[in-house]
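Listed below, chain by chain, are the residues.
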Amino acid sequence: MKSGFSIDSKLNVVWKDILLIWNWWYRNLWDELILLWNVKLLLQQWKKVTIVCYDPDWLRKFFVQFVDVGKIKFIPELPKWFRSFFNYIFRYGMKWFWRFVKWDTIILGWWEILTEENPWAYRYWRISIRPFLWKKKLQNIWKKKKKSDLYIMWWIQIPKNNHKKSQLLSLLKNTTACYLRDFDAVEEIKSYVKNCDFFMDTSYFAYEWDKVSLSGEKKIEKPYVVVNLNKNAEQFFDELVQDIKSYSQKGYRIYYTPIAKWNNVYYQDLQYAQRLEKALWEDTDFALLDWESDFDNFAKVLKWAEKVFSSRLHLYLIASFLWCETKVYPYQRKILKMQKVIEELL
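Not measured: the values here are computed from a predicted model.

## Brief notes about helix 2 (residues 56-63)
Three- or four-residue spacings in an α-helix give side chains the same orientation, since the helix completes a turn every 3.6 residues. Taken together, the buried positions of helix 2 are Pro56, Trp58, Leu59, Phe62 and Phe63. Along the axis of helix 2, the buried residues cluster in a sector spanning 165°; they form a single face. Exposed side of helix 2, more than 90 degrees from the buried face: Asp57 and Lys61 are the residues found there.

## Examining the packing of helix 9 (residues 237-249) against helix 10 (residues 271-279)
Direction vectors running N to C along helix 9 and helix 10 enclose 55°, while the axes themselves pass 10 Å from each other. Between helix 9 and helix 10, the crossing angle belongs to the class labelled oblique. Two packed elements cross with a definite hand, and for helix 9 against helix 10 that hand is right-handed. Together, Phe237, Leu240, Val241, Ile244 and Lys245 of helix 9 and Arg275, Leu276 and Ala279 of helix 10 make up the contact between the two elements. Residue classes in the contact of helix 9 with helix 10 are distributed as six nonpolar, no polar and two charged.

## Some remarks on the pattern of salt bridges
Per the counting criterion, the structure on display carries eleven salt bridges. Ionic pairing is found between Arg60 and Asp57, a salt bridge with its closest N-O pair at 3.2 Å. With Arg60 and Asp57 both in helix 2, this residue pair falls three residues apart, about one helical turn. A residue is classified by how much of its surface remains accessible, and Arg60, at 30% relative accessible area, is partly exposed.

## Overview of the nonpolar core
Judged by nonpolar contacts, the single largest core of 91 residues is most densely connected at Ile51, Phe63 and Phe295. Filtering out sequence-adjacent residues up to four positions away, Ile51 remains in contact with Leu20, Leu35, Val39, Leu59, Phe63, Ile72, Lys73, Phe74 and Ile75. Counting 20 residues, the second largest nonpolar core, distinct from the first, contains Leu240, Ile244, Tyr256 and Leu280.

## Focus: the packing of aromatic side chains
Given two aromatic rings, one states the distance between the centres and the angle between the planes to describe the pair. By the definition in use, this model includes 15 aromatic pairs. With a centroid separation of 6.3 Å and an interplanar angle of 45°, the aromatic rings of Phe62 and Phe63 are classed as tilted. Assigned by exposure class, Phe62 and Phe63 land together as buried. On the numbers, 5.1 Å between centres and 75° between planes, the contact of Tyr247 with Tyr252 is edge-to-face. Classification of Tyr252 as buried rests on a relative accessible area of 14%. By the ring-pair criterion, three or more aromatic residues cluster together here, those being Trp58, Phe62, Phe63, Phe66, Phe74, Tyr207, Trp291, Phe295 and Phe298. Across from the ring centre of Phe237, 4.3 Å away, lies the NZ or CZ of Arg275, which sits over that ring. Sitting over the face of the ring of Trp304, Lys303 holds its NZ or CZ atom 5.3 Å from the ring centroid.

## Considering the pairing of strand 2 (residues 48-53)
In terms of burial, strand 2 is a largely internal element, five of the six residues being buried. Of the strand pairs in this sheet, strand 1 (residues 17-21) and strand 2 are connected by five bridges, and their pairing is parallel. By the bridge assignment for strand 2, Leu19 is matched with Thr50. Here strand 2 pairs with strand 3 (residues 72-76) via five bridges, running parallel. Looking at the pairing, Val52 lines up with Ile75 of strand 3. Considered for its hand, the β-α-β crossover made up of strand 2, helix 2 and strand 3 is right-handed.

## Focus: a positive patch on the surface
Taken together, the side chains of Lys16, Lys48, Lys73 and Lys102 present a region of like positive charge at the surface. Among the secondary structure elements, Lys102 is positioned in helix 4 (residues 95-102). Under the relative-accessibility criterion, Lys102 is labelled exposed at 52%.

## Here's the deal with the sheet that holds strand 11 (residues 308-310)
In spatial order, the strands read 10-9-8-11-12; together these five strands make up an open sheet with parallel pairing. If you trace the sheet from one side to the other, it starts and ends with strand 10 (285-288) and strand 12 (326-328), each paired once. Sheet twist, expressed as the average angle between the axes of neighbouring strands with direction ignored, equals 20°. Where strand 8 (residues 224-228) meets strand 9 (residues 253-256), four bridges bridge the pair, whose relative direction is parallel. Bridge assignment links Tyr224 to a residue of strand 9, and that residue is Arg253. Helix 10 rests against strand 8, strand 9 and strand 10 of the sheet, and its axis sits at about 175° to strand 10.

## Here we look at the side chain of Lys40
Structurally, Lys40 can be placed in helix 1 (residues 29-44). Although Lys40 is buried, it forms no salt bridge, and the closest oppositely charged side chain is Glu208 at an N-O distance of 6.7 Å. Once residues lying within four places of it in the same chain are set aside, the contact partners of Lys40 are Phe66, Val67 and Ala206.

Scoring rules and cut-offs
Residues numbered from 1 in each chain as written. Predicted model: local features only at pLDDT ≥ 70, side-chain atom pairs only at ≥ 80, totals over all residues. Heavy atoms only, no water. Buried < 20%, exposed > 50% of the residue type's maximum accessible area, 1.4 Å probe, protein only. Helix = DSSP H or I, 4+ residues; strand = E, 2+ residues; numbered from the N terminus. Arc of directions from axis to C-beta. Axes fitted to C-alpha atoms, helices over the stretch in contact; angles between N-to-C directions. Parallel < 35°, antiparallel > 145°, perpendicular 65-115°, else oblique. Left-handed = near helix turned anticlockwise from the far one by under 90°. Contact = heavy atoms within 4.5 Å. Nonpolar A, V, L, I, M, F, W, Y, C, P; charged D, E, K, R; others polar. Salt bridge = Lys/Arg side-chain N within 4 Å of Asp/Glu carboxyl O. Core = buried A, V, L, I, M, F, W, Y, C linked by side-chain atoms within 4.5 Å. Phe/Tyr/Trp six-rings, centres within 6.5 Å; stacked < 30°, edge-to-face > 60°. Lys NZ or Arg CZ within 6 Å of the ring centre and 35° of its normal. Pairing = 2+ DSSP bridges. Right-handed = clockwise from strand over helix to strand, strands pointing away. Patch = residues over 30% accessible without salt bridge, like charges linked within 9 Å, V, L, I, M, F, W, Y side chains within 5 Å. Areas by Shrake-Rupley, 256 points an atom, 1.4 Å probe, with all protein chains shown as cover. Lys, Arg positive; Asp, Glu negative; His and termini not counted. Charge placed at Lys NZ, Arg CZ, Asp CG, Glu CD.

Here it is as structure tokens:
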């Protein structure tokens, strides 16, 4: 790893009690891996870590494979709609709301939450950190010496829409520091936040990728490729089919891996498994490669693939960390940006 980034890289976070707000992940592999190493980094610094979760029970169960979950608190995220608000109150009561006020430090970490590429991005982060902003405003009024800190991580895109831009700039005024994972974003945000630095996407450190290679090549009964497609990149469907058809005709196994397994059309990759299978050679050996219950096995199978085809940045980066030959279908700017980072750092 170049640029001095290693497993010992540290986040310069001052206070001890940390709240990680990571709303836009749930059974979406890459987001979980990013979150995982942030947790490990903070635990190494003896921080008390609490994670805002869509599903605390599920995340705790997934993290058991990697970290001592007894050192982490998992709490449900704040509701974003009227119906979810009443369900939230019915299930948890008002006590959870006060928990969002007590932390001295919040780390806001999302992929697309601060971009225009998702129509609801700005609405979501405002709801999630509103209690924190109220607290910070009161601290300024009361002239408290100990201030609350907000850190933003990963990717910020300055919007063209003036209304959204004013919202983002208002947030950045309350931001202590930004740790961003692509060089262009760092240069862009430095004009607004003085403490803005590059920090390698922490998913790189979430798993011991080298141990997969060092364990020796797994005995492969038949050659195979690994494939993923998602709704946002649907326009690449025909190109993907053409790319993998030659492999299926040669008798290769086609592994389809659903990186995102949420319950809406944009975050449910399984919907393309059947479509791809029907579009391939009639006798194609088609199978699913899952990551959720046994990540070690997922990494080993992925490592020894003849080639990886992916429209999700998530799978592309994991394959890059494992030095797999990969073709990516870039449907968003973040994919092209991270390709540049990977080329320079790995």
